2 protein chains.
Amino acid sequence: MVKVGILGIGTVGESVARILLENADVIEARAGRKIVPVIGVVRDLKKPRNVEIALTDDPMEVIESADVDIVVELMGGIEEPYRLVREALKAGKPVVTANKALLAYYRYELQEIAGSTPLFYEASVAGGIPIIGALRNGLSANHIESIKGIMNGTCNYMLTRMIVDGVAYEEVLREAQELGYAEADPTFDVGGFDAAHKLLILGSIAYGIDARPEDIIIEGIEEISSTDVEFAKEFGYEIKLLGIAKKVDGGVEMRVHATMIPSSSMIAKVDGVMNAVSVVGDRVGETMFYGPGAGGDATASAVIADIVEIVRGNSGPMLGYKKGLESGLRLVGKEEIVTQYYLKLKVVDRPGVLAAVTSTLGEYGISIESMLQKPSTLADRVRLLFTTHSCREAEMLAAIEALKALDVVDEKVTMIRIEK
Amino acid sequence: MVKVGILGIGTVGESVARILLENADVIEARAGRKIVPVIGVVRDLKKPRNVEIALTDDPMEVIESADVDIVVELMGGIEEPYRLVREALKAGKPVVTANKALLAYYRYELQEIAGSTPLFYEASVAGGIPIIGALRNGLSANHIESIKGIMNGTCNYMLTRMIVDGVAYEEVLREAQELGYAEADPTFDVGGFDAAHKLLILGSIAYGIDARPEDIIIEGIEEISSTDVEFAKEFGYEIKLLGIAKKVDGGVEMRVHATMIPSSSMIAKVDGVMNAVSVVGDRVGETMFYGPGAGGDATASAVIADIVEIVRGNSGPMLGYKKGLESGLRLVGKEEIVTQYYLKLKVVDRPGVLAAVTSTLGEYGISIESMLQKPSTLADRVRLLFTTHSCREAEMLAAIEALKALDVVDEKVTMIRIEK
């Protein structure tokens, strides 16, 4: 019998304890041994919980207990779980965590501390989708060319409602909050930070890149309007919040932002709260992994899969690499990334304006792929929409500043990156 | 250094040898040890090969060689590879195979013989998609509710051309043969047998069902016409060749056949030669795994992933279960399956005929969900299209016989099963 202690009995912790009991038949048959949740840590012992295990408010009691074989960390936060996971590993106990923020900051330190003690984290990226296993094991023969993931269900739900039903951003955010998909302060989701934490984890497994959130472009969907969604369609694109990690000459680009992707691509078809990660390997081609990215039971499904792997005696290198890649791969700087762009400008409706705009873009070496002119809500203004050929982010940012400085261009210029 | 011997240097064998050499950097970094292909078995030593390893025409030389640590079986056929894989396992050598036919017949025997020696087979189902790993490891916390897979790229290519471009079956088959997607004798693909082999393997991992091809419904796409494809759309469905394994009251249904699935479902959006497997777990909900199901490099990607797992020292139970499920699960008989159906009949165009048809269906307890009447190419005939509510296969087959026996109904009645 293998005994599990759970640090943090919230939604996911309750699901882990419950599923271990309710699905004990199939879990034992697959693991080869009975797996039993024995104790959970809560902050407030008086609050009623929907679990039938012993409770304590002292995490060290769980970590130090001779009665606990595997420690599951589901607390949230960063520094406190970091301390406790280290304690558990030092006590030689295998750890399973769903804590993406912890791993976004401390995964390499934890890999070092863990040594040969298993530290598994399937649930930290894309909830119930076994993407970590796919990337660490299933695609190990490949140089990974790119990863493109819809890894935040809240944003995907909101964008889907905007795309399919034409609902405005503010309205759909309120709706997402009412449905419990978005927090009262939605910044962590809609600002792209949640997706960025997940992307950093995948970037380590795919490329061995040791980066932190502050090292990469992180943008959200706050600036996306229904008009952009509509115009994107006319160019043949859908707008999704993507986490992108991509091998290019000279390194690996990593970035999270609202992205225009061809409507015909598989990942463009992923709607609602669902997540999906598309991985292109140099040998396998494109694979995609789709499923629920959140929810107590879906996340617990991934946590328990890790527990089963530990019980079976499997380990594998925590971050996918047993040795470093000799050649190494460096993270491409934020302004060095190269991609195509969509630009939306409001300009004065008079002859010569289009020439002024396009020649400004030309000055920065940016060439236009396609252009649309649309009526504006203001009588003396028109909207200009461009998609550009590939250029460097630095040039694009400079060109946008130059465009804003033109008399004939209104202050607000919308830029959305395109991925093909 | 780990040395690999390959039984069968065909397209996949060449890819395995080549990728092990060309991607040696990333494979060694992930596995922790160098993995080197040392010898391959060919039937004809004189035929030129595109590999830089030693060749022999004697498989036992590879199996018995002290210089070979892992045996990869890529021969095709059933009895001969069965004999050789047993020999390799008896010699204590881990085996990786991509041979779905071998596993469709002998997987339980092989599990028995292998004991604790690893016998991996990720490449046997859906080529480069790591679906075996997902099912065996990533979803191990779940009772599997259903598996629905597009597992034959040839059929999916053909159906996509029929659906998207309205090309007729015979023409698209010729085209698939020219492109190398279909064999000169296409029966194994278009008859559903290839997909059935893969489904049987997944059925073992998901449910522990020990069935062979002759135990399950296996139908292909030979009877599907452009009209069916077109009419399916009017009812809101796409037609795909699906392998279905599904938990129902009293057991597990397993079957391969052309299937109407709602156009809005994720798996309906999988086009061309791509494969995809949708798995619904009782805790995780729906997940889907998408990618290339065939091709030398894609298949080799899965073969090498297995080799890396073996080198890392991971094993896990070959067929997903370390112990049997105490309750067990039985395979539902072919005629006991319950589903919805689409029926297409050609009938004489005169009053009372519709009543005769619907009352015949009623006699077998089959109730109609929706009905369409369409003009026929023959002047005195009309086409009747039905979708039915769920009923047992036995009743449906009997009802079809009774319909055919009616004077007013033409001999050929088309039946396509529906999955929602």
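**Student:** Whenever I open this one, the overall build of chain A confuses me. Can you help?
**Tutor:** When helices and strands are counted, chain A shows 14 helices and 17 strands. Computed over C-alpha atoms, the radius of gyration of chain A comes to 24 Å, within 12% of the 22 Å expected from 2.2 N^0.38 for 420 residues, which places it in the range of a compact globule. The C-alpha extent of chain A, read off along each of the three principal axes, is 80 × 50 × 35 Å. Taken over 420 residues, chain A has a buried fraction of 54%.

**Student:** When you look at the relation of the copies chain A and chain B in this model, what are you seeing that I'm missing?
**Tutor:** Relating one copy of the chain to the other takes a rotation about an axis and a shift parallel to that axis. With an axial shift of 0.0 Å and an RMSD of 0.0 Å, the rotation relating chain A to chain B amounts to 180°. Within this description, the copies of the chain are treated as partners about a two-fold rotation axis.

**Student:** How do you make sense of unusual backbone geometry when you look at a structure like this?
**Tutor:** Glycine aside, the phi torsion of most residues is negative, and most peptide linkages are trans. All names here are of chain A. For Ala126, which is not a glycine, the phi torsion comes out positive at approximately 60°. Relative to the elements of secondary structure, Ala126 occurs in the loop between β6 (119-120) and α6 (131-138). When the 35 C-beta atoms within 10 Å are taken as the criterion, Ala126 is described as buried.

**Student:** Hey, could you run me through the pairing of strand β2 (residues 35-41) of chain A in this one?
**Tutor:** Residues in a regular strand point their side chains to alternate faces of the sheet. Residue and element names in this part refer to chain A. Counted residue by residue, β2 has five buried out of seven residues, so it is predominantly covered. In terms of strand pairing, strand β1 (residues 2-7) meets β2 through six bridges, oriented parallel. Opposite Ile6, over in β2, you have Gly40 as the bridge partner.

**Student:** Teacher, can you tell me more about the sheet that holds strand β5 (residues 95-97) of chain B here?
**Tutor:** Strand pairing in a sheet is mediated by backbone hydrogen bonds. Such pairs are either parallel or antiparallel. Residue and element names in this part refer to chain B. On the basis of which strands lie adjacent, the open sheet formed by six strands has the order β3-β2-β1-β4-β5-β6 and parallel pairing. Each edge of the sheet is formed by a strand with only one pairing partner; in this case those strands are β3 (54-56) and β6 (119-120). Strand direction decides the pairing type here: strand β1 (residues 2-7) and strand β4 (residues 70-73), joined by four bridges, are parallel. The partner of Leu7 across the bridge, within β4, is Glu73. Where helix α1 (residues 11-22) meets the sheet, it contacts β1, β2 (35-41) and β4, and its direction lies at approximately 155° from that of β2.

**Student:** Teacher, can you tell me more about the interface of chain A and chain B here?
**Tutor:** Where the parts come together, the accessible area they lose is often given as the size of the interface. Taken together, the contacts link 55 residues of chain A with 55 residues of chain B. Secondary-structure elements contributing two or more residues to the side of chain A that touches chain B are α2 (24-31), α6, β12 (285-292) and α12 (296-312) of chain A. Of the residues assigned to the side of chain A that touches chain B, the class counts are 23 nonpolar, 19 polar and 13 charged.

**Student:** Teacher, can you tell me more about the sheet that holds β1 of chain A here?
**Tutor:** All names here are of chain A. Spatially, β3-β2-β1-β4-β5-β6 is the arrangement adopted by the six strands of the open sheet, whose pairing is parallel. The sheet is open, and its two borders are formed by β3 (54-56) and β6, each paired with just one other strand. With respect to the sheet, helix α1 (residues 11-22) is in contact with β1, β2 and β4 (70-73), its orientation differing from that of β2 by roughly 155°.

**Student:** Help me out: how do you make sense of helix α4 (residues 79-90) of chain A in this one?
**Tutor:** Because an α-helix completes one turn every 3.6 residues, residues spaced three or four positions apart along the sequence face the same direction. All names here are of chain A. Spanning 12 residues, α4 covers 16 Å between terminal C-alpha atoms, matching the ideal 16 Å at 1.5 Å per step. Of all the residues in α4, the buried ones are Pro81, Tyr82, Leu84, Val85, Ala88 and Leu89. Contacts from the buried residues of α4 go to β1, α3 (59-64), β4, β5 (95-97), α5 (100-114) and β6. Looking one or two places after α4, you find Gly92, whose phi comes out positive at around 80°.

**Student:** Would you mind going over the packing of helix α13 (residues 353-363) of chain A against helix α14 (residues 393-405) of chain A with me for this structure?
**Tutor:** A pair of packed helices is characterised by two quantities: the angle between their axes and the separation of those axes. Residue and element names in this part refer to chain A. Direction vectors running N to C along α13 and α14 enclose 150°, while the axes themselves pass 9 Å from each other. As far as their axial angle goes, α14 and α13 are roughly antiparallel. The handedness of the crossing between α13 and α14 is right-handed. Contacts between α13 and α14 involve Val357, Thr360 and Leu361 from the first element and Ala399, Ala402 and Leu403 from the second. For the contact of α13 with α14, a count of residues per class yields five nonpolar, one polar and no charged.

**Student:** Could you clarify how one ought to interpret the domain arrangement of chain A in this entry?
**Tutor:** Residue and element names in this part refer to chain A. As assigned here, chain A comprises domain 1 (2-130), domain 2 (131-292) and domain 3 (337-418). Distance between the C-alpha centres of domain 2 and domain 3: 25 Å. Taken together, the contacts link 14 residues of domain 2 with 12 residues of domain 3. Mapped onto the side of domain 2 that touches domain 3, the elements with two or more residues apiece are α11 (226-234), β9 (237-248) and β10 (251-262). Counting residues per element, the side of domain 2 that touches domain 3 draws most heavily on β10, which supplies six residues. Across the side of domain 2 that touches domain 3, the residue classes tally to seven nonpolar, two polar and five charged.

**Student:** Is there a simple way to think about the pairing of strand β17 (residues 414-418) of chain A in this case?
**Tutor:** Residue and element names in this part refer to chain A. Inspection of the sheet shows β10 paired to β17 by two bridges, in the parallel sense. Of the residues in β17, the one forming a bridge with Met260 is Ile418. Sheet topology places strand β13 (residues 338-348) next to β17; five bridges connect them, and they run antiparallel. Bridge assignment links Leu343 to a residue of β17, and that residue is Met415.

**Student:** Looking at this structure, I do not really get α6 of chain A. What am I missing?
**Tutor:** Here α6 of chain A lies mainly inside the structure; eight of its eight residues are buried. Residues of α6 of chain A that are buried: Ile131, Ile132, Gly133, Ala134, Leu135, Arg136, Asn137 and Gly138 of chain A.

**Student:** For this particular structure, what's the right way to read the packing of helix α7 (residues 153-165) of chain B against helix α8 (residues 169-178) of chain B?
**Tutor:** Residues and elements named next belong to chain B. Contact geometry of α7 with α8 gives a least axis separation of 10 Å together with a crossing angle of 135°. Classified by the interaxial angle, the pair formed by α7 and α8 is oblique. Between α7 and α8 lies a crossing whose hand is right-handed. The residues of α8 that touch α7, namely those facing Thr154, Tyr157, Met158, Arg161 and Met162, are Tyr169, Val172, Leu173 and Ala176.

**Student:** How should I be thinking about the confidence of the model for chain A in this particular structure?
**Tutor:** Caution is warranted with low-pLDDT regions, since their predicted coordinates should not be read in detail. Summarising the model, chain A shows a mean pLDDT of 95, and 100% of its residues fall at 70 or more. The complex model carries a pTM of 0.96, and its ipTM stands at 0.96.

**Student:** What am I meant to see in the environment of Lys412 of chain A here?
**Tutor:** Residue and element names in this part refer to chain A. Along the chain, Lys412 falls in the loop between α14 and β17. A tally of 10 C-beta atoms within 10 Å means that Lys412 is categorised as exposed. With 12 residues separating them in the primary sequence, Lys412 and Ile400 have C-alpha atoms 9.7 Å apart.

**Student:** Got a minute to help me understand the environment of Gly92 of chain B in this structure?
**Tutor:** Its location among the elements puts Gly92 of chain B in the loop between α4 (79-90) and β5. Under the C-beta neighbour-count criterion, Gly92 of chain B is labelled exposed, with 9 such atoms within 10 Å.

**Student:** Just to check I follow, could you spell out the environment of Ala29 of chain A for this structure?
**Tutor:** Checked against the element boundaries, Ala29 of chain A lands in helix α2. C-beta crowding within 10 Å serves as the criterion here: with 19 such atoms nearby, Ala29 of chain A is assigned to the partly exposed category. Dropping the residues within four chain positions of it, Ala29 of chain A is found in contact with Tyr321, Lys322, Lys323, Gly324 and Leu325 of chain B.

What counts and how
- The written sequence of each chain sets the order in which its residues are numbered from 1.
- Each chain is given a letter, starting from A, and each ligand a number, starting from 1, according to the order in which they appear as written.
- Given that the model is predicted, a residue must reach a pLDDT of at least 70 before its local features are reported, and side-chain atom pairs must reach 80 or more before they are shown or counted; all residues, however, enter totals for whole chains, interfaces and linings.
- Only runs of H or I of at least four residues qualify as helices and only runs of E of at least two qualify as strands under DSSP, and these elements are numbered from the N terminus.
- Computation of the radius of gyration draws on C-alpha atoms alone. For the globule rule, the value is 2.2 Å times the number of residues to the power 0.38.
- Three classes are used. A residue is buried when 20 or more other C-beta atoms lie within 10 Å of its own, exposed when 12 or fewer do, and partly exposed in between, with C-beta atoms placed from the backbone.
- The copies were overlaid by least squares, fitting only the C-alpha atoms of residues that reach a pLDDT of 70 or more in each copy.
- Paired strands, in this sense, are two strands between which DSSP finds at least two bridges.
- Residues are treated as contacting if the C-beta atoms built from their backbones sit within 7 Å of each other.
- To obtain an axis, a line is fitted to C-alpha atoms, over the contacting stretch when the element is a helix, and the angle between two such axes runs from 0 to 180 degrees between their N-to-C directions.
- In the scheme used here, Gly and all other residues not listed as nonpolar or charged are polar, with Ala, Val, Leu, Ile, Met, Phe, Trp, Tyr, Cys and Pro taken as nonpolar and Asp, Glu, Lys and Arg as charged.
- Here the expected span of a helix is defined as 1.5 Å times the quantity of residues minus one.
- Each angle is binned into one of four classes, with values under 35 degrees roughly parallel, values over 145 roughly antiparallel, values of 65 to 115 roughly perpendicular, and all other values oblique.
- Handedness of each helix crossing follows the sense of rotation of the near helix against the far helix: counterclockwise by less than a right angle gives left-handed, clockwise gives right-handed.
- An automatic or database domain assignment is the source of the domain bounds shown.
- One confidence number per residue, pLDDT, is output by the predictor and ranges from 0 to 100.

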